[in-house]
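# Structural description and commentary
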Amino acid sequence: MRWQMVDPGRCPDLDPEHELADRVGMAMVRLNKMHAQVAHQMAKQGMDKSAFVLLATLSGLGECRSSGLAEAVLSDPSTVSRQVAGLVKDGLVERRADPADGRASVLAVTEAGRQLIRERRRQRNEAIEQVFADWADEDFKGFADLFERFVQDYERTIPALMTERGTGTRAGGEK
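Everything in this summary refers to the structure shown in the same document. (Residues numbered from 1 in each chain as written. Predicted model: local features only at pLDDT ≥ 70, side-chain atom pairs only at ≥ 80, totals over all residues. Heavy atoms only, no water.)

Counting residues in hydrophobic clusters, the biggest one holds 17 residues, and the most contacted among them are Met 47, Leu 55, Leu 58, Leu 69 and Leu 87. Listing elements by their share of this core, those giving two or more residues are helix 2 (49-61), helix 3 (66-72), helix 4 (77-89) and strand 2 (101-109). For this core, the element with the highest residue contribution is helix 2, accounting for five residues. Residue contacts for Leu 55: discarding those within four places in its chain leaves Met 47, Leu 87, Leu 92, Val 93, Val 109, Gly 113, Leu 116 and Ile 117. (Core = buried A, V, L, I, M, F, W, Y, C linked by side-chain atoms within 4.5 Å. Buried < 20%, exposed > 50% of the residue type's maximum accessible area, 1.4 Å probe, protein only. Helix = DSSP H or I, 4+ residues; strand = E, 2+ residues; numbered from the N terminus. Contact = heavy atoms within 4.5 Å.)

This is the structure:
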């Protein structure tokens, strides 16, 4: 399958002082469209993006309650609970008694879940390496360093801006 991305173009009335921000923003729009296409193809192979995000997040967190997982992914606990049920059904996550409170349960990634994460990460890394195949090693490294810095600053800045502008998460974590 060959995808062709269409450049959404520049805003003709854009203030020149915002040109660089517009370039980055439009590149992000294009990247998000491409990511959506990849996620769509992955869903056809059996797992949607949001379920994989939960699985990968749980893997990084280690055992935790469903409410803690929901908080970590900034989502509604009932939505996470439904998605976790599918991961449990597929054998990628298991529920265990909470050692601190036997009445509650914690979630844990199974070996099958860890294997799926490793395989998807390997596939992702190979695809990214193909994208950078014609780049000089120092350019690839420089991009990786700057991109990590951008994402860290984005993660730090955007939630506060959304809250300040009244577009942040609603009660329960939904947008």
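A full pass over the atoms with the stated rule returns 11 salt bridges. Of the charged contacts, one joins Asp 101 and Arg 103 as a salt bridge, the two residues approaching to 3.0 Å between their closest N and O atoms. Across the pair Glu 111 and Arg 114 runs a salt bridge whose closest N-O atoms are separated by 3.3 Å. In this pair, Glu 111 and Arg 114 both sit in helix 5 (residues 111-131), three residues apart, roughly one turn of the helix. Residue class for Glu 111 comes out partly exposed when judged on its relative accessible area of 44%. Within the structure, one salt-bridge network assembled from shared partners comprises Arg 65, Asp 98, Asp 101 and Arg 103. (Salt bridge = Lys/Arg side-chain N within 4 Å of Asp/Glu carboxyl O.)

As paired strands, strand 1 (residues 93-98) and strand 2 are joined by six bridges and run antiparallel to one another. Across the sheet, Val 93 pairs through a bridge with Val 109, a residue of strand 2. (Pairing = 2+ DSSP bridges.)

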